[in-house]
Amino acid sequence: MKKGQIIEGTVQRMDFPNKGIVEMQEGVCVVKNALPGQRVRCVVNKVRKAKAEGRLMDVLEPSPLECGSPCPHFGSCGGCTYLSLPYEEQLRIKEAQVKKMLDSVLDRQEAWQFEGIKASPVCFGYRNKMEFSFGDEVKDGPLALGMHKRGSFYDIVSVTECQIIDEDYRRILCCVKAYFTDLQTQGVDVGFYHRLRHVGYLRHLLVRKAAKTGEILIALVTTTQAPGSAGTSKPGEIQERQIKEEELLAGFREKLLALDLEGEITGILHIRNDAVADVVQSDETRILYGQDFFYEELLGLRFKVSVFSFFQTNSRGAEVLYQTARDYIEGCIMPKEEGRNGRAGGKIVYDLYSGTGTIAQLMAPVAKKVIGVEIVEEAVEAARRNAELNGLHNCEFIAGDVLKVIDAIEEKPDIIILDPPRDGIHPKALDKIIRYGVEHILYISCKPTSLVRDLEVFLDRGYEVVRGGAVDQFPWTANVETVCLLSKLNVEHHIEVEINLDEMDLTKAESKATYEEIKEYVLEHSGLKVSSLYIAQVKEKCGIIERVNYNLPKSENSRQPKCPLEKEVAIREALEYFQMI
C-alpha cells in the first residue's frame, strides 16, 4: 500500500475506539468510523511497514449487521458510531474490544474474572448534558446550532432530531435556533463566533437535565463582542436594526420560559467567554432566571450540580457503574466487623480524582472514612455541599493535584479508588499510589487504552487484577467505561525457596543470546530498534544477572533514559523466544 492509494475491502472487526480493520494482501488498513461487515472504499493517508491508515470515502455495501438508523443526522453528525446496529451487537463489539485490550496485559498473570459488559438501562434520550455549537453547515450558509460535522472542525449540523437526547432538549434546541435566526432576518447581527477570524457573538448552548428530578439548567455562551447591526444590507433588503444585549437576552429568556416542556427549567444563565480555544468555559456568568444549579439523584443520594460540575452524562447508566464499583469494594471489606456501627471493616478509603464526590459519597456508608482529592476547586466545593446535603459526615474533600496532595494526608488508606481523566494517571502520581501498598485498588476508566497502560505498571509492582468488566455509559458512541479491581499479591500464597548462589550459574540465561541477536529479533518481529541499555534494563527487571554492568552512568548525577513500554514488551518477547525467561 502507498500513500494516496485508493483501496476497497471489507471491515473485519472494530478496534477501540472506532477503528475499522480492513485486511488486504498488502497488509492491514485502519479506517475510522466504518462498521464490521461493511465493504468500503478508502484512500490511504499514512503507511508504516505493513500497516496503513485510511480515510473513509464510501460505503460500497452495508454490513449485514446493520438494521437502519432512527436518526436522520447519523453519518453526518460526529456523535454516534454504532447507531445503525442493534444495541446487542454494539454491546458485543465493546465487550470484545475491552476484553482484547485487558488480555493483552493480563496474560502475564494468573486467571482473573472477566464479567463482560453491563448495558445502559436506557439506550435513547439518556444524555443529561449537551454542549451545542453555533456555526453554519456550509461556508456562509444559514445559522446552525448543533454538533460538529464528522471529520470537520468548522461545519455544524443542526441536530434537531438527535436520538441520544430527549424531547425537551430538542425543543430547547429548535427554540433557540429559531429565535436567533428570526433576529438575523430582521437585520440584527447575532452571528456566530468564527474560529479563524475570532469575530462573532454566539458560541455555545449548554443544556443539562436531571434524569430523576427533571430539573433543567440552560446556559447561553457568547463572546463580549456586543451584538449590533449586520452592516451588509442593500437597498430593498431588510433594514439594519440595532439591539442592546439586555434586550436580546431578555427575549432569549422569555422564549425559553414559554416552552411546553416535560421537565422544569430551574435556571437560565448567560456566560461570557473570549478564549480562543473552542471550549465551554466562563470569564463571567450571570443568572438570567432562577439559579445556577439543579439537583440529580443517584442510588438514593441527592446531588447539587452546577453548570460546569463534572457529573456522569448518563445518570441511569451511572447508577449501574457506581453500583458495580460499590459491589467490588464491599466484596473487599466484608464481612463486617462487629462494633463498627455498620462501618464495614473500619477502612480508610481514598477517592482520587473525585470530581464532585459522587463515588466518595456512595462509598461512605461502607467505610470508616472517605478522603477525596480533586484538582478543580469548584468541584471540591460541590462535593462538600453534596456530602452535607446527604448527611454524610465521614467524607473529607481536598482541593489539589493528586501528585502533590497525597503526601500531605496524614491518614493512610486501606483502599484506593481511582477514576482519573481520559489520559490516565501521571507516572509520578502512579508511583506514589503504588507505594502505599494497599491491599485493594479499584480503577474506573473511561478510556481503556489508558487503563491498560497503567495496569502494566501495577503488574510490574506486585498487583494483579482480580475481576473486571465494562459498563456501557455511552450507547451508540465508541466510548465505554471499564472497572477493574486490583489486589496486592499475598506473599503467604507463594512458596519460599532457599537458593545457594554459589551452586548456580547465574549467567546461564545471559549466554543464550547476545545483545545483537536480541536487537535483530526485536527489529524483525516488531519493527522497533532497541539499544543495549534498554535490553539491560529489561534483563534486570526479569532477574537476569550479568557478569559486568557495562551500562553504568559515567557520573552519579547522570540520568539514563528509561525503556519505553512498547520496547520493553518487544524485548521481553525476545527473551522468551531465546528461553532466557
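All of the points below concern the structure found in this document.

**Comments concerning the sheet that holds strand 11 (residues 202-209)**
What the seven strands build is an open sheet, ordered 9-8-7-11-12-14-15; its pairing is mixed. Every other strand in the sheet has two partners, leaving strand 9 (156-157) and strand 15 (284-290) as the edge strands with one partner each. Direction of pairing for strand 8 (residues 143-148) relative to strand 9: antiparallel, over a ladder of two bridges. Its bridge partner being in strand 9, His148 is matched across the sheet by Ile156. The strands touched by helix 3 (residues 245-257) are strand 11, strand 12 (215-222), strand 14 (264-272) and strand 15; relative to strand 14, the strand with the most contacts, the crossing angle is about 155°.

**A word on the nonpolar core**
Ranked by size, the top nonpolar core spans 88 residues in total, and within it Phe134, Phe180, Leu205, Phe252, Leu352, Leu418 and Phe458 carry the most contacts. At eight residues, helix 2 (residues 167-185) tops the list of elements feeding residues into this core. Beyond its immediate stretch of four places on either side in the chain, Phe458 contacts Leu418, Leu430, Ile434, Ile441, Tyr443, Tyr463 and Leu486. One finds Val280, Ala318, Tyr328 and Ala364 within the second-largest nonpolar core, a separate group that totals 43 residues.

**Describing unusual backbone geometry**
The omega angle of the peptide bond from Phe16 to Pro17 is 0°, so this bond is cis rather than trans. Topologically, Pro17 is positioned in the loop between strand 1 (6-15) and strand 2 (19-24). The residue Asp140 is not glycine, and still its phi comes out positive at about 65°. Looking at the secondary structure, you find Asp140 in the loop between strand 7 (129-136) and strand 8. When its relative accessible area of 69% is taken as the criterion, Asp140 is described as exposed. Here Tyr353, not a glycine, exhibits a phi torsion of approximately 65°, which is positive.

**Side note on a nonpolar patch on the surface**
Taken together, the side chains of Phe153, Tyr154 and Leu196 define a hydrophobic patch exposed on the protein surface, amounting to about 340 Å² of accessible area. A relative accessible area of 39% means that Tyr154 is categorised as partly exposed.

**Observations concerning a positive patch on the surface**
Taken together, the side chains of Lys3, Lys19, Lys32, Lys46 and Lys51 present a region of like positive charge at the surface. By the secondary structure assignment, Lys3 is in the segment before strand 1.

**Brief notes about empty space enclosed by the protein**
On inspection of all chains with the given rule, the structure shows one cavity of 30 Å³ or more. Counting only elements with at least two residues in the lining of the largest cavity, the list comes to strand 6 (113-118), helix 4 (315-333) and strand 23 (463-471).

Reading guide: rules and limits
Residues numbered from 1 in each chain as written. Predicted model: local features only at pLDDT ≥ 70, side-chain atom pairs only at ≥ 80, totals over all residues. Heavy atoms only, no water. Pairing = 2+ DSSP bridges. Helix = DSSP H or I, 4+ residues; strand = E, 2+ residues; numbered from the N terminus. Contact = heavy atoms within 4.5 Å. Axes fitted to C-alpha atoms, helices over the stretch in contact; angles between N-to-C directions. Core = buried A, V, L, I, M, F, W, Y, C linked by side-chain atoms within 4.5 Å. Buried < 20%, exposed > 50% of the residue type's maximum accessible area, 1.4 Å probe, protein only. Patch = residues over 30% accessible without salt bridge, like charges linked within 9 Å, V, L, I, M, F, W, Y side chains within 5 Å. Areas by Shrake-Rupley, 256 points an atom, 1.4 Å probe, with all protein chains shown as cover. Salt bridge = Lys/Arg side-chain N within 4 Å of Asp/Glu carboxyl O. Lys, Arg positive; Asp, Glu negative; His and termini not counted. Charge placed at Lys NZ, Arg CZ, Asp CG, Glu CD. 1 Å grid on protein atoms, 1.4 Å probe; cavity = no way out; pocket = protein on both sides within 12 Å on 5 of 7 lines; lining within 4 Å. Points joined across faces, edges and corners; volume = space filled by probe spheres on them.

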